[in-house]
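# Observations on the model geometry
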Amino acid sequence: MSREKVTPYHFLKLKREGKRIVMVTAYEHVHAKLADEAGVDGILVGDSLGMVVMGYRSTLPVTFREVAHHLRAVLSASPRALVVADMPFLTYEVSREEAIRNAGRYVKMGADAVKIEGGAEVVDKVEAMVKAGIPVMGHVGLNPQRYLVLGMRVRGKTAEDGLRVFEDAKALEEAGVFSVVIEFTTAEVAAEVTRALRVPTICIGSGPQCDGQILVFHDLVGLNVSPPPFVKRYAEGYEVFRRALASYAEEVRSGAFPERAHYFTMKPEELGRLEELLGKRRAGPVERSSG
Ligand code: KIV
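How each quantity is defined
Residues numbered from 1 in each chain as written. Predicted model: local features only at pLDDT ≥ 70, side-chain atom pairs only at ≥ 80, totals over all residues. Heavy atoms only, no water. Disulfide = S-S within 2.5 Å. Buried < 20%, exposed > 50% of the residue type's maximum accessible area, 1.4 Å probe, protein only. Phe/Tyr/Trp six-rings, centres within 6.5 Å; stacked < 30°, edge-to-face > 60°. Helix = DSSP H or I, 4+ residues; strand = E, 2+ residues; numbered from the N terminus. Domains from an automatic or database assignment. Axes fitted to C-alpha atoms, helices over the stretch in contact; angles between N-to-C directions. Parallel < 35°, antiparallel > 145°, perpendicular 65-115°, else oblique. Left-handed = near helix turned anticlockwise from the far one by under 90°. Contact = heavy atoms within 4.5 Å. Nonpolar A, V, L, I, M, F, W, Y, C, P; charged D, E, K, R; others polar. Near = heavy atom within 4 Å. Polar contact = N/O pair within 3.5 Å; in protein donor to acceptor, adjacent residues only side chain to side chain.

### As for the state of the cysteines
- One pass over the full model with this rule turns up 1 disulfide.
- Residue Cys203 pairs covalently with Cys210 via a disulfide, S to S 2.1 Å. The sign of the S-S torsion, about -80°, decides the handedness of the disulfide formed by Cys203 and Cys210: left-handed. Cys210 matches Cys203 in its accessibility class, with the two residues each being buried.

### Some details on the packing of aromatic side chains
- Scanning the model with the defined rule gives 4 aromatic pairs in all.
- A ring pair is formed by Phe184 and Phe230, whose centres lie 5.3 Å apart and whose planes are at 55°; its orientation type is tilted. You can see Phe184 sitting in the loop between β6 (179-183) and α9 (187-196) and its partner Phe230 sitting in the loop between α10 (217-220) and α11 (237-254), a full 46 residues away along the chain.
- The exposure class assigned to Phe184 is buried, which follows from its relative accessible area of 17%.
- Taking the centre distance of 6.0 Å and the plane angle of 70° together, the rings of Tyr248 and Phe257 count as edge-to-face.
- Classification of Phe257 by relative accessible area gives partly exposed; the value is 31%.

### Re the domain arrangement of the protein
- Domain boundaries assigned for the protein yield domain 1 (8-235) and domain 2 (242-283).
- Relative to domain 2, the C-alpha centre of domain 1 lies at a distance of 49 Å.

### Concerning the packing of helix α4 (residues 64-75) against helix α5 (residues 96-109)
- With their axes 10 Å apart at the nearest point, α4 and α5 run at an angle of 20° to one another. Our classification of the angle between α4 and α5 gives roughly parallel. The handedness of the crossing between α4 and α5 is right-handed. Seen from α4, the contacting residues are Phe64, Val67, Ala68, Leu71, Arg72 and Leu75; seen from α5, they are Asn102, Arg105, Tyr106 and Met109.
- Taken together, the residues of the contact of α4 with α5 sort by class into 7 nonpolar, 1 polar and 2 charged.

### Here we look at the site of the ligand
- Close contacts around the ligand come from Thr25, Leu44, Gly46, Asp47, Ser48, Asp86, Lys115, His139, Val181, Glu183, Ile204 and Val216, and that covers them all.
- Interatomic distance of 2.9 Å between a side-chain N/O atom of Asp47 and an oxygen atom of the ligand.
- Separating an oxygen atom of the ligand from a side-chain N or O atom of Ser48 is a distance of 2.5 Å.

### Observations concerning the packing of helix α6 (residues 123-131) against helix α8 (residues 159-175)
- Taken N-terminus to C-terminus, the directions of α6 and α8 make an angle of 25°; their axes are 8 Å apart at the nearest point. When the interaxial angle is binned, α6 and α8 end up roughly parallel. The two elements α6 and α8 meet at a crossing, and its hand is right-handed. Contacts between α6 and α8 involve Val123, Val126, Glu127 and Val130 from the former and Ala171, Leu172 and Ala175 from the latter.
- Considered class by class, the residues forming the contact of α6 with α8 number 6 nonpolar, no polar and 1 charged.

Here's what the structure looks like:
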């Protein structure tokens, strides 16, 4: 596999060549290393970290600093994959200036691009960021940052709602995004959007006819005990770790751990000297040698 760094330009090229794009979220050094070794094309430091790492009930409380913290951990693995920083709720909606400034801070840290949620209502922010030189990934369909207004429902079940998702994706493309995430949207709508856009669509819970797929790390490896219904679990991570921790606890209690391979010993003559020193110490203050 080539070690050439993946750029937004590669995403467009992969679409032109009809090659599927693979993305996964990651929140720390080891996740990023694993994802990169597995050969994914893109890593999203998603605001889903609020739920799967921090245990929040939604992504709304996630802060700029929390994403920055996890972005730093992911970047420390120097991934070949494109690294996209997710912009948390209220870090880009208020004004174009704030959007540029906040997105720019992630790019200055080393992110290759940023992602924002929303369609037609955020195109002015997308245009401003792209003009400032920041590659932007869009995110239509279910927008978890807007769930209080829009709900957490499958999008595109009716023709009218499908058209809204379609128009949102088209508006984002015109504003300059290099790709669009389509979340939890009917497969037919995602397929129509994918056919209509020049930029690649990256789907999550939106069917097979997209240019790429993304899953949340914890869902994929089975660390999330209540994942969304569209997730495919590729490992039983929770059970694997739970069993490892239970074995550890049992072995500590029984004395089976640590074994000989897990600790170091002194040379016998050093042990003899230590016992001598301890004996003197018990008898009175120890005289320390200057060497
Ligand atoms: O935050 C996230 O993980 C996301 C993906 C669901 C696309 O936005």
